[in-house]
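# Per-entry structural report
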Amino acid sequence: MERRRLGASGLEVSALGLGCMGMSEFYGSGDEGESIATIHHAIERGVDFLDTADMYGVGRNEELVGRAIADRRDRVVLATKFGNVRGEDGSFGGVCGRPDYVRSACEASLRRLGIETIDLYYQHRVDPDVPIEDTVGAMAELVREGKVRFLGLSEAAPETVRRAHAVHPIAALQTEYSLWSRDPEEALLPTVRELGIGYVAYSPLGRGFLTGQFRSPEDFEPDDTRRRHPRFTGDNFQKNLDLVGEIEAMARGKGCTAAQLALAWVLGQGGDIVPIPGTRRRARLDENIGALDIRLTEEERARIDRILPPGAAAGDRYHAQGMQTINR
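Residues numbered from 1 in each chain as written. Predicted model: local features only at pLDDT ≥ 70, side-chain atom pairs only at ≥ 80, totals over all residues. Heavy atoms only, no water.

## Considerations on the overall build of the protein chain
- The helix and strand inventory of the protein chain stands at eleven helices and twelve strands.
- For the protein chain, the C-alpha radius of gyration of 19 Å lies close to 20 Å, the compact-globule estimate for 328 residues.
- Over its C-alpha atoms, taken along the principal directions, the protein chain stretches across nearly 55 × 40 × 40 Å.
- Relative to its 328 residues, the protein chain shows a buried fraction of 59%.
- Long-range contacts, defined here as pairs at least 24 residues apart, represent 75% of the contacts in the protein chain between residues at least 6 apart.
- Carbon and sulfur atoms provide 46% of the accessible area of the protein chain, an area that totals close to 13200 Å².
- With 42 positive and 51 negative side-chain charges, the protein chain shows a separation of 2 Å between the mean positions of the two kinds. (Helix = DSSP H or I, 4+ residues; strand = E, 2+ residues; numbered from the N terminus. Rg over C-alpha atoms; globule rule 2.2 N^0.38 Å. Buried < 20%, exposed > 50% of the residue type's maximum accessible area, 1.4 Å probe, protein only. Contact = heavy atoms within 4.5 Å. Areas by Shrake-Rupley, 256 points an atom, 1.4 Å probe, with all protein chains shown as cover. Lys, Arg positive; Asp, Glu negative; His and termini not counted. Charge placed at Lys NZ, Arg CZ, Asp CG, Glu CD.)

## Focus: the sheet that holds strand β8 (residues 118-123)
- Strand order in the open sheet formed by eight strands is β3-β4-β5-β8-β9-β10-β11-β12, with parallel pairing between adjacent strands. For this open sheet the edge positions go to β3 (18-19) and β12 (273-275), each flanked by a neighbour on one side alone.
- Two strands pair when backbone bridges link them, and strand β9 (residues 148-154) and strand β10 (residues 172-176) are joined in this way by three bridges, in the parallel orientation. Paired with Ser154 across the bridge in β10 is Gln174. (Pairing = 2+ DSSP bridges.)

## Here's the deal with the packing of aromatic side chains
- What the rule picks out here adds up to nine aromatic pairs.
- Aromatic pair Trp180 and Phe209: ring centres 5.1 Å apart, planes at 35 degrees, arrangement tilted. Here Trp180 is found in the loop between β10 and α6 (188-195), whereas its partner Phe209 is found in the loop between β11 (198-202) and α7 (234-254), with 29 residues between them in sequence. Of the two residues examined, Trp180 and Phe209, each falls in the buried class. (Phe/Tyr/Trp six-rings, centres within 6.5 Å; stacked < 30°, edge-to-face > 60°.)

## Topic: the pattern of salt bridges
- Tallied over the full model, the rule gives 31 salt bridges.
- With its nearest N and O atoms 2.8 Å apart, the salt bridge here joins Arg317 to Glu155. Here Glu155 lies in the loop between β9 and α5 (158-167) and Arg317 lies in the loop between α10 (298-307) and α11 (320-323), a separation of 162 residues in the sequence. Of the two residues, Arg317 and Glu155, neither departs from the other in class, the shared state being buried.
- In the salt-bridge network here, residues are joined through shared partners; they are Arg103, Glu107, Glu141, Glu145 and Lys147. (Salt bridge = Lys/Arg side-chain N within 4 Å of Asp/Glu carboxyl O.)

Quick look at the structure:
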């Protein structure tokens, strides 16, 4: 397994991570047994970078990951997040970055995961009502106490990243990045590279759309949140499906799947980028790992740029409320 460093932090992880969110919520029903088997299989294949958050499944995802790694903790680099507040009934309570909340959220995550130290602790979303210096200051205290090793931010704006990094070194910034979400190329990637911060790309397969496995909104289960995402609804679905069709044709000509081509593109955007595609099935995990063997030529990259230049995808990344919480 290829290894990559997250910026200048010294934190080294597998070149491909595993996003665990969908194992517990958002993307329809799952099989816990298969999810745990997928985590075990990932570790055996050398994928040691696992990503979860306290909001996924209202804590259930952290508990699942904790059970999966209980007898192999020393073989994984574990990332989790705080900041998106959920009620016990699953209701969303906004974003919180207060110092006292940072501490209580961390201690709750440690209990659910069954571990003593979180390897990489992200602020999931920036709280506009709390100075980032206060939030990161509280996170830094957790590092000094040994409860956290490295700090990260998710969906933070370039200036926020700079301010946070001035308080305590930020090891990684995580935002959405894929063939149909190329916004980070404008300012975020240049900023983190200037500061020596690693970049973690979530949803590198466009929430599964870039795999080509979905042909209609009806392909999603009734409780799948993608049914409400702008890119998966109305006329946007067909417009985006047409773009994916061109990627599929290109993948066939290269002898790989559309998913592998999409991941190979993200991996090829820089050795400081680590994509974390989510899956809850071993077969999909193996398919994703296969992307590490694919190299794109300059001609192929140019063709992809013509098919999916920045801004080509139809629709926003999130619904209106979700869009208000990103790039803060």
